[in-house]
Amino acid sequence: MSFIVVSPLARIAEMAVRHKARDMISLIAKEQVFHRPGVIAADRHLTLGMNDIAFKGTGNLVAPDETHVRGIIDFAASWRQETPLLIHCWMGVSRSPAAALIAALSLAPDQSEETLARRLRAASPFATPNTRLVEIGDALLDRGGRLVAAVRAIGRGADADGNAPFVLDIRDTACG
């Protein structure tokens, strides 16, 4: 079973080792400095510099854009799925859950957006996927607004302290 580990920055090394991840996507502010876990090879690590904002024009902050989302989709397509994909952002609550949804839907496009979003909510009561990433992902994956609606339907997650990594299965295990 292929799955994605979503983590806050502070726990990426632990999660990479615990789940034997060898591929990682970092969605982090451009100026954020961090160390890639040693078990992740540099060529299997994608860093996307962006802030956790929902619209452009917010001072010097970088809004997620189509280039970032294409990077998520392309990296997910190159992932061999022999080991989990680790996706992280600062707190593991907004950017990385949105990227996990986009990656899962890009890899298993035949699944229901509603079911995927409900799986996300079951895996994390704290996840509040970044709306801008979700909207761009919905458009690039040609989902006709269904991913946006599904994320809106699960609502905002509970308040989080940024210390709650979780696992999201790519496909619904109940359906095979």
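It should be noted that the structure appears before, not after, this text.
Since the model is a prediction, treat every value here as computed from it, not as a measurement. (Residues numbered from 1 in each chain as written. Predicted model: local features only at pLDDT ≥ 70, side-chain atom pairs only at ≥ 80, totals over all residues. Heavy atoms only, no water.)

### Here we look at the overall build of the protein chain
To keep things clear, this is the line we draw: Only runs of H or I of at least four residues qualify as helices and only runs of E of at least two qualify as strands under DSSP, and these elements are numbered from the N terminus. Within these notes, the globule rule equals 2.2 Å times the number of residues to the 0.38 power, and the radius of gyration is based on C-alpha atoms. For each residue, the accessible area found with a 1.4 Å probe, counting protein chains only, is set against the maximum for its type, and the residue is called buried under 20%, exposed over 50%, and partly exposed in between. Any two residues having at least one pair of non-hydrogen atoms within 4.5 Å are treated as being in contact. Throughout, the Shrake-Rupley method with a 1.4 Å probe supplies accessible areas, and for residues the shown protein chains are the sole cover considered.
When its secondary structure is counted, the protein chain shows 6 helices and 5 strands. Ordering the α and β elements of the protein chain from the N terminus gives β-α-β-β-α-β-α-α-α-α-β. At 15 Å, the protein chain has a C-alpha radius of gyration in line with the 16 Å of a compact globule built from 176 residues. A buried classification covers 51% of the 176 residues belonging to the protein chain. Residue pairs at least 24 apart in sequence account for 71% of intrachain contacts in the protein chain once pairs closer than 6 positions are excluded. A total accessible area of about 8300 Å² is found for the protein chain, and carbon and sulfur atoms account for 51% of it.

### Section: unusual backbone geometry
The phi dihedral of Lys20 is positive, around 60°, even though this residue is not glycine. Positionally, Lys20 belongs in the loop between helix H1 (12-19) and strand S2 (23-28). Taking relative accessible area as the criterion, Lys20 reaches 53% and is therefore assigned exposed. For Gln81, which is not glycine, the phi dihedral falls at a positive 65°. Along the chain, the position of Gln81 falls in the loop between helix H2 (66-78) and strand S4 (85-89). By relative accessible area, Gln81 is classed as partly exposed at 26%.

### Structural notes on the packing of helix H5 (residues 131-140) against helix H6 (residues 146-154)
The test is simple: Axis geometry follows a simple rule: fit a line to the C-alpha atoms, using only the stretch in contact for helices, then measure angles between N-to-C directions, giving values from 0 to 180 degrees. Under the convention adopted here, Pro, Cys and the residues Ala, Val, Leu, Ile, Met, Phe, Trp and Tyr are nonpolar, Asp, Glu, Lys and Arg are charged, and Gly plus all remaining residues are polar.
In contact at an axis separation of 8 Å, H5 and H6 are set at 145° when each is read in the N-to-C sense. Seen from H5, the contacting residues are Val134, Glu135 and Asp138; seen from H6, they are Arg146, Leu147, Val148 and Val151. Considered class by class, the residues forming the contact of H5 with H6 number 4 nonpolar, no polar and 3 charged.

### Quick word on the sheet that holds strand S3 (residues 45-49)
The pairing of strands in a sheet happens through backbone hydrogen bonds and is either parallel or antiparallel. This is how it is decided: A pair of strands is treated as paired once DSSP finds two or more bridges between them.
Taken in spatial order, the 5 strands line up as S3-S2-S4-S1-S5 in an open sheet, and their pairing is mixed. Edge positions in the sheet fall to S3 and strand S5 (166-169), since each has one partner strand and no second. Neighbour-to-neighbour, the strand axes of this sheet turn through a mean angle of 20°, independent of strand direction. Where strand S1 (residues 3-8) and S4 come together, 5 bridges link them in parallel fashion.

### Here we look at the environment of Pro97
Along the chain, Pro97 falls in helix H3 (residues 95-107). Accessibility expressed as a relative area gives 0% for Pro97, which makes it buried. For the pair formed by Pro97 and Ile4, sequence separation is 93 residues and the distance between their alpha carbons is 9.7 Å. Apart from the residues within four sequence positions on either side, Pro97 is in contact with Val6, Gly92, Leu120, Ala127, Pro129 and Phe166.

### A word on the pairing of S2
Most of S2 is tucked away: 6 of the 6 residues are buried. On S2, burial covers both faces: Asp23, Ile25 and Leu27 on one face and Met24, Ser26 and Ile28 on the other are all buried. Bridging between S2 and S4 involves 4 bridges; their strand directions are parallel. Directly across from Asp23, in S4, lies its bridge partner Leu85. Two strands pair when backbone bridges link them, and S2 and S3 are joined in this way by 5 bridges, in the parallel orientation. Bridge pairing in S3 links Ile25 to Leu46.

### So, the pattern of salt bridges
Under the convention used in this document: A side-chain nitrogen of Lys or Arg and a carboxyl oxygen of Asp or Glu constitute a salt bridge if their distance falls within 4 Å.
For the structure shown, the criterion picks out 9 salt bridges. For Arg18, the salt bridge identified is with Glu14, shortest N-O distance 2.7 Å. Note that Arg18 and Glu14 are positioned in helix H1 at a spacing of 4 residues, about one turn of the helix. The partner of Arg70 in a salt bridge is Glu66, and the shortest N-O contact between them spans 3.0 Å. Here the residue Arg70 and the residue Glu66 both occupy positions in helix H2, the gap between them amounting to 4 residues, near one helical turn. For Arg70, a relative accessible area of 42% translates into the label partly exposed. When salt bridges that share partners are traced, they join Arg11, Glu14 and Arg18 into one network.

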